[in-house]
Structure formats: structure tokens, C-alpha cells
Amino acid sequence: MDRLLEATARAEHEHFWFRGFRRFVAPLLDRAADGRTGLRLLDCGCGTGTNLRLLLERHGLAWGFDLTWTGLEVARASGLRRIARASAAAVPFPAAAFDIVTSFDVLYCLPGEIEHAAVGEMWRVLKPGGAAVVNVAAMEILRGNHSVLSAELRRYSRASLRALLEPAGFRIERMTYTNAALFPLMLGVRGVQRVMGLAQENEAEGEITVPPGPVNAALGALLAVEAAVVRAVPMPFGSSLLCLARRPA
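Parameters and conventions
Residues numbered from 1 in each chain as written. Predicted model: local features only at pLDDT ≥ 70, side-chain atom pairs only at ≥ 80, totals over all residues. Heavy atoms only, no water. Helix = DSSP H or I, 4+ residues; strand = E, 2+ residues; numbered from the N terminus. Rg over C-alpha atoms; globule rule 2.2 N^0.38 Å. Buried < 20%, exposed > 50% of the residue type's maximum accessible area, 1.4 Å probe, protein only. Salt bridge = Lys/Arg side-chain N within 4 Å of Asp/Glu carboxyl O. Core = buried A, V, L, I, M, F, W, Y, C linked by side-chain atoms within 4.5 Å. Disulfide = S-S within 2.5 Å. Patch = residues over 30% accessible without salt bridge, like charges linked within 9 Å, V, L, I, M, F, W, Y side chains within 5 Å. Areas by Shrake-Rupley, 256 points an atom, 1.4 Å probe, with all protein chains shown as cover. Pairing = 2+ DSSP bridges. Axes fitted to C-alpha atoms, helices over the stretch in contact; angles between N-to-C directions. Contact = heavy atoms within 4.5 Å. Phe/Tyr/Trp six-rings, centres within 6.5 Å; stacked < 30°, edge-to-face > 60°. Lys NZ or Arg CZ within 6 Å of the ring centre and 35° of its normal. Right-handed = clockwise from strand over helix to strand, strands pointing away.

This brings us to the overall build of the protein chain. The helix and strand tally for the protein chain stands at nine helices and seven strands. Against the globule reference of 18 Å for 249 residues, the protein chain gives a C-alpha radius of gyration of 17 Å, in line with a compact fold. Structurally, the protein chain occupies a C-alpha span of about 50 × 40 × 35 Å along its principal axes. Counting across all 249 residues of the protein chain, residues that qualify as buried make up 54%.

Here's what the structure looks like:
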């Protein structure tokens, strides 16, 4: 996981995937906020803290926590202070403390018991009527070298993510796959990776290397178009699954 965070810190401001991710997530955060400002937000597994800035810029005060020192050191060096070291299964905040909680690409690397405990903790710290925005890796057919780098234990479908969130008490408001525009390319590349044998962790960092400028720009433009479409039409497939769920008032 340290290798993943180190590679992420080098790439997440320019890489087409991270830029696309922020375009996909921002509208769901806006919907979760419902026009309100001055909210209290919590990022469960904040990594390097870049997404905390997305929360801060748009909606209020944001806190974050992560289990790895690597990400927290990067976050603190960038000036973030409302961060802590903690497990997603034991969130160090009181019940009903936040209006919005987020979990971006964390749940899929947690063992089963911790995965369920993390969802329960997200529910606990949310105020009644509060919202959770969750992003996870999707579709087992897209397992590849990136799965090694991110210590991926599972990839989700609509049904499996719903089966995780609803028993905890969440009500699903919106769910869509993302990165559908890149699906054919990813399907081919990751299929070859599986046939050839997945890379070792120290060989998989190229999965989060910023491509050459024209390639990065072209792929980023594709995701920008998709992000505009997804606002109205959920995607039926893609490499990630993005969900807005709410704790009923």
C-alpha cells in the first residue's frame, strides 16, 4: 500500500484517471450537500489528502484519516491538519458527527470483517439524513496489475455493493459505473496481463505513471465527456463503481 500511495502522490494532480475521478465525484458531492454550505465532512481512508481538498473547496470543513503513515505524511506536508491515523473499522470520531462521509477506493482492499465494520462505522458517524459517497473497483474481468499495486481483494458489481451497504441501513440514491469510455482498452490490456501473469508489486508502479502529454490529454478528454453524460445516464459497465447512499433521517 505504501508503494501505491507513493505512486499516487507523484501522479494524482496530472494523471487522466485522477482528473476523471474528480469530475465523476464532484456532482455526487453536490447532490449530497443539496445546496448547503458549512458542512462537516469526513474522508475515510484519505491517503495523500488530495480528495480532502476537493471536499474543503466545495462544502465546508473536512477531516480525514488513514492507516498508512506514507499518505498522512504527504497530506501533512501539503498543509492539511485535520487528519489522523486510524483504521476504517474504528473511526476516531463520535456518532452522528458528520453531514457527508466519503470512502474512495478503500473498501476493496479490506478483509471481509473489516469491510463490513468500516461500512458500519460510516453509518455511525453520519448524522441522520447524512450521505455517503463511495467509490470502489468494479468488474472482476478487469483485474490486472493495478490490482496487485492496490492490494485489491475484490472488485464489485452493482449487486454486491448494494448487498454491502443496504444491510447496514443505507438507502441507495444513485449508483453508476465509471470509466466506461476506457473499458475496451482496459479489457484488452488487463486480459493480456492476466494471461502473462500479474506483475510483482515492485513492477506494477507503471500502472499509475502519467502517460505522455498527448495520450494523457486524449484520455482525460474522453473521461470529461463521460462525466458529463453520467450526470444524466448511469453507465452499465466500467472499471469503477460510484455510489451515493444516505442514512435515512
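Now, onward.
Right, let's talk about the pattern of salt bridges for a bit. A full pass over the atoms with the stated rule returns 12 salt bridges. Notably, a salt bridge pairs Glu152 with Arg155, separated by 2.7 Å at the nearest N-O pair. Overall, the relative accessible area of 8% leaves Glu152 in the buried class. Residue Arg155 is classed as buried on the basis of its relative accessible area, which comes to 8%. Ionic contacts of the salt-bridge type, sharing partners, join the residues Arg31, Arg171, Glu173 and Arg246 into one network.

For the rest of this paragraph, the subject is the nonpolar core. A general tendency of soluble globular proteins is for nonpolar side chains to be buried together. Core analysis: the largest hydrophobic core is formed by 77 residues, its most contacted members being Leu42, Leu107 and Leu161. Of the residues forming this core, the biggest block, 10 residues, is contributed by helix α2 (residues 16-33).

The subject of this paragraph is the state of the cysteines. The full count for this structure, using the stated rule, is zero disulfides. With no disulfide of its own, Cys44 lies closest to Cys46 among cysteine sulfurs, the gap being 9.4 Å.

Side chains of Val192, Val195 and Met196 sit close together on the surface and give an oily, nonpolar patch of about 370 Å² of accessible area. Examined against the element boundaries, Val195 turns out to sit in helix α8 (residues 183-196). Judged by its relative accessible area of 76%, Val195 is exposed.

Taking strand neighbours across the sheet as the criterion, the seven strands line up as β3-β2-β1-β4-β5-β7-β6 in an open arrangement whose pairing is mixed. Looking at the sheet topology across the chains shown, the edges are occupied by β3 (83-85) and β6 (171-178). Each adjacent strand pair in this sheet contributes to an overall mean axis angle of 15°, direction not counted. Across the face of the sheet, helix α4 (residues 69-77) comes into contact with β2 (60-66) and β3 while running at roughly 160° to β3. The strands that helix α7 (residues 158-165) touches are β5 (126-137), β6 and β7 (240-246); relative to β6, the one it contacts most, it runs at about 150°.

As a further point, take unusual backbone geometry. Unlike most non-glycine residues, Asp105 shows phi in positive territory, near 55°. Looking at the secondary structure, you find Asp105 in the loop between β4 (98-104) and α5 (112-125). By relative accessible area, which is 22% here, Asp105 ends up partly exposed. A positive phi angle is found at Asn179, which is not glycine, with a value near 65°. Along the chain, Asn179 turns up in the loop between β6 and α8.

Following the criterion strictly, the structure yields seven aromatic pairs and no others. Judged by centre distance (5.2 Å) and plane angle (85°), the rings of Trp17 and Phe18 are edge-to-face. Centroid distance Phe21 to Phe104: 5.1 Å. Interplanar angle 80°. Geometry classified as edge-to-face. With Phe21 in helix α2 and Phe104 in strand β4, the pair connects residues that are 83 residues apart, well separated along the chain. Exposure class is identical for Phe21 and Phe104. Each is buried. A cation over an aromatic ring shows up here: Arg247 above the ring of Trp123, its NZ or CZ 4.5 Å from the ring centre.

Okay, the pairing of β2 next. With six of seven residues buried, β2 is to be regarded as a mostly interior element. Where strand β1 (residues 39-44) meets β2, six bridges bridge the pair, whose relative direction is parallel. The partner of Asp43 across the bridge, within β2, is Gly64. Since β1 and β2 lie parallel, the crossover through helix α3 (residues 50-58) that links them has a hand, and here it is right-handed.

These values are about where atoms sit, not about what they do.
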